[in-house]
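Geometric and topological summary
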Amino acid sequence: MGDAEPSRFSEPSLADALIPLIALAVLIGGSLLLFGLDALDGPIQVALVLCAAVAALIALKNGHPWTEVQTAGQGAMASVTSAVFILLAVGALIGTWNLSGTIPTLVYYGIQVLSPGWYYAATAIICGVVALSIGSSWTTAGTIGVGLVGIATMLGVSPEITAGAVISGAYLGDKTSPLSETTILTAQMVKVDVYEHIKRQVWTSVPAFVIAVIVFFVMGLAHTGLTEDTVATTTELDALSDVFWITPLNLLPLLLLGYLSIRKVPASLALMASALFAGLMAAFTQPDVVADFVSGTGNVVTDSIKAVWQALATGFEMNSGLAEVDRLVSRGGMDSMLLTLWLIFGAVTFGALLEHFGLIARLVDPMIASARSTGRLFLTVFACAFGLNIVAGDQYIALVLPSRVFRMEFARRGLAPTNLSRLAADSGTVTSPLVPWNSCGAFMGATLGVSTLLYAPYAVFCWASPLLSVLYGFTGFRIERIEPSDTAKELT
């Protein structure tokens, strides 16, 4: 018999795996150094595209054909198709919700109900309840979250801390709701029952959320001693009520979205349906706003169609003379999400190339070998998942890859798979909005109007949840074990 045909491809070396990450650190760091927060308006996107090119060149150097690089890139694009439509739908929704008075109404009522002293804690709790009900952090942030950040600006409290509270509540639901696709995906990848997975999540999610609420309450106490500028707030409320017809009817698009979400209608369809419904309502509830927005010709039908179309495409804009009010409502449109989509395309393509050509595995395998204790193994899973959120720019890669890579190692050590499912969610799901170029971080920054780098320190739940999970690994608290004879069974 002849010798087996040698592989045409070279296995990636450690240098091959490190070079793209070094390029990422240099280019991202350089863009932030040169452009500051404006780096998210194009320079970071360019950096990610260049990093993808570096990864492609390494693949070519190792003998992979360009067609394989193209196929990996096409797979990356396909993986974010749903995110693309959700982002465009959220941009459209923000535009028509402002046109119809939905967001102004939320702000108008919210200012009168919520107090600066407990505003941050209330924001986290409200978003947590909504996200648990509908199972979507993106929908929560793109709807009630936008209104809460707007209220914060009008109340004179920090929009950055408010955005952190919104995300803390939103990711409580994303991580523990049985309606959440990431919750279901994590359970499926580790092959555990989704409700068993959720039960284990409670042991880190609830304490982490309690910690977050306490921190937000303490932060809010700083405002109790301040004299609220009631004159300015009253003026802004008057401006809203002068321009918009403020009525509970304006909240119908929000109720429709909640109903569709509970009925498990796909997020992009539910968001677009609510956006179109809000635009239709605007023609009847806000005719003066519609006419002013498009410099009306007098033809109500034509003006209404033009206004809705324009709000869907480029967002709503108002010039009331009050900067805070104009800044609140002059937002939205599908085009407002294009920079975010550019960011996501660059990040997921880079991450897909790293995974497809074995560059990530080359780094992870030695980490597994060196993690001799349970605590160090847990820390390694966290580092892998958080690192993937940084270098791959996609929450799903950060969830799926560690679940696949570490599942056999957990079983070999007699650790129940529910430990891994909880740890993967704690490490992959909730850290994704902390990275500006991650699809989740990019979405949250664009939707809430607060840079990821500014809200990240205040997303308390997103820090506390993985830290508690790793701490449990070192202390042995709530760590479930299986008999060695059950190991093979767990893997089937």
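Read on for an overview of the structure. Each residue is numbered by its place in its chain's sequence as written, counting from 1. For a predicted model such as this one, the threshold for reporting local features is a pLDDT of at least 70, and the threshold for listing and counting side-chain atom pairs is 80 or more; totals across whole chains, interfaces and linings nevertheless cover every residue. In computing side-chain values, all of the structure's heavy atoms are included and hydrogens and water are not.

1. A closer look at the packing of aromatic side chains
In this description, a pair of aromatic rings is defined by centroid distance and the angle of the planes. Here a pair means two rings of Phe, Tyr or Trp (six-membered ring of Trp) with centres within 6.5 Å. Their orientation is stacked below 30 degrees between planes, edge-to-face above 60, and tilted elsewhere. The tally for this structure, following the rule as stated, stands at eleven aromatic pairs. Measuring from ring centre to ring centre gives 5.9 Å for Tyr108 and Tyr109, while their planes differ by 75°; the resulting arrangement is edge-to-face. Geometrically, the ring pair formed by Phe244 and Phe316 is tilted, given 6.2 Å between the ring centres and 55° between the ring planes. Here Phe244, found in the loop between α11 (230-243) and α12 (252-262), pairs with Phe316, found in the loop between α15 (300-314) and α16 (323-329); they are 72 residues apart in sequence, far enough to count as distant. Here the two residues Phe244 and Phe316 agree in accessibility, since each one is buried. Cluster of aromatic residues (ring-pair linked, three or more members): Trp203, Tyr472 and Phe477. Secondary structure elements are defined from DSSP: runs of H or I of at least 4 residues count as helices, runs of E of at least 2 residues count as strands, and each element is numbered from the N terminus. Three exposure classes are used, based on accessible area relative to the maximum for each residue type with a 1.4 Å probe and protein chains only: buried under 20%, partly exposed in between, and exposed over 50%.

2. As for the layout of surface pockets
The rule is simple: put a 1 Å grid over the protein atoms alone, call a set of points where a 1.4 Å probe fits but cannot get out a cavity, call an open set with protein on both sides within 12 Å along at least five of seven lines a pocket, and count a residue as lining if it has an atom within 4 Å of a point. Grid points are joined across faces, edges and corners, and a volume is the space filled by probe spheres set on the points. If you add up the space inside the largest pocket, you get close to 590 Å³. Lining of the largest pocket is provided by 29 residues; of these, Ile86, Gly135, Ser136, Glu181 and Ala267 occupy positions nearest its centre. If you list the elements that add at least two residues to the lining of the largest pocket, you get α4 (81-99), α7 (137-155), α9 (181-190), α12, α13 (267-285), α20 (395-412) and α22 (439-448). Here the residues of the lining of the largest pocket sort into 13 nonpolar, twelve polar and four charged. Note that Gly is not counted as nonpolar here; it falls among the polar residues with everything else outside the nonpolar set of Ala, Val, Leu, Ile, Met, Phe, Trp, Tyr, Cys and Pro and the charged set of Asp, Glu, Lys and Arg.

3. Thoughts on the nonpolar core
Across soluble globular proteins, you tend to see nonpolar side chains buried next to one another. Nonpolar core, defined: a set of buried Ala, Val, Leu, Ile, Met, Phe, Trp, Tyr and Cys residues in which side-chain atoms within 4.5 Å join the residues together. By size, the foremost hydrophobic cluster in this structure holds 151 residues, and its most contacted members are Leu99 and Tyr171. For this core, the element with the highest residue contribution is α4, accounting for twelve residues.

4. Remarks on a nonpolar patch on the surface
A contiguous nonpolar surface patch, about 690 Å² in accessible area, is contributed by Trp118, Val202, Val206, Val210, Ile214, Phe217, Val218 and Leu221. In this fold, Phe217 is placed in helix α10 (residues 194-221). Its relative accessible area of 40% is what places Phe217 among the partly exposed residues. Patches were defined on residues exceeding 30% relative accessible area and lacking a salt bridge, with like-charge contacts within 9 Å and nonpolar side-chain contacts (Val, Leu, Ile, Met, Phe, Trp, Tyr) within 5 Å. For accessible areas, the Shrake-Rupley method is used with a probe of radius 1.4 Å. Any residue's cover is judged against the shown protein chains and nothing else. Every case where a carboxyl oxygen of Asp or Glu lies within 4 Å of a side-chain nitrogen of Lys or Arg is listed as a salt bridge.

5. Examining the pattern of salt bridges
Oppositely charged side chains can form a pair if their charged atoms are brought close together. Evaluation of the coordinates by the stated rule reveals seven salt bridges. As a salt-bridge pair, Glu196 and Arg200 come within 2.3 Å of each other at their nearest N and O atoms. Here Arg200 and Glu196 lie together in helix α10, a separation of four residues that amounts to about one turn. A residue is classified by how much of its surface remains accessible, and Glu196, at 28% relative accessible area, is partly exposed. The exposure class assigned to Arg200 is buried, which follows from its relative accessible area of 17%. Taking the shortest distance from any N to any O, the salt bridge between Glu480 and Arg200 comes out at 2.8 Å. Taken as a pair, Glu480 in the loop between α24 (460-475) and α25 (487-491) and Arg200 in helix α10 lie far apart in primary sequence, 280 residues in all.

6. A few points about the packing of helix α1 (residues 14-35) against helix α2 (residues 43-61)
Here an angle of 0 to 180 degrees is reported between the N-to-C directions of two axes, which are lines fitted to C-alpha atoms, with helices fitted over the stretch in contact. Where α1 meets α2, the axes come as close as 9 Å, and the angle between the chain directions of the two elements is 165°. Relative to α2, the element α1 is oriented roughly antiparallel. As α1 runs across α2, the sense of the crossing is right-handed. For the pair α1 and α2, contact is made by Asp16, Ile19, Pro20, Ala23, Leu24, Leu27, Ile28, Ser31, Leu32 and Phe35 and by Pro43, Ile44, Ala47, Leu48, Leu50, Cys51, Val54, Ala55, Ile58 and Lys61, respectively. Orientation labels follow simple angle bins: below 35 degrees gives roughly parallel, above 145 gives roughly antiparallel, 65 to 115 gives roughly perpendicular, and whatever is left gives oblique. Helix crossings fall into two classes, left-handed where the near helix is turned counterclockwise from the far one by less than a right angle and right-handed where it is turned clockwise. Should any heavy atoms of two residues lie within 4.5 Å, those residues are considered in contact.

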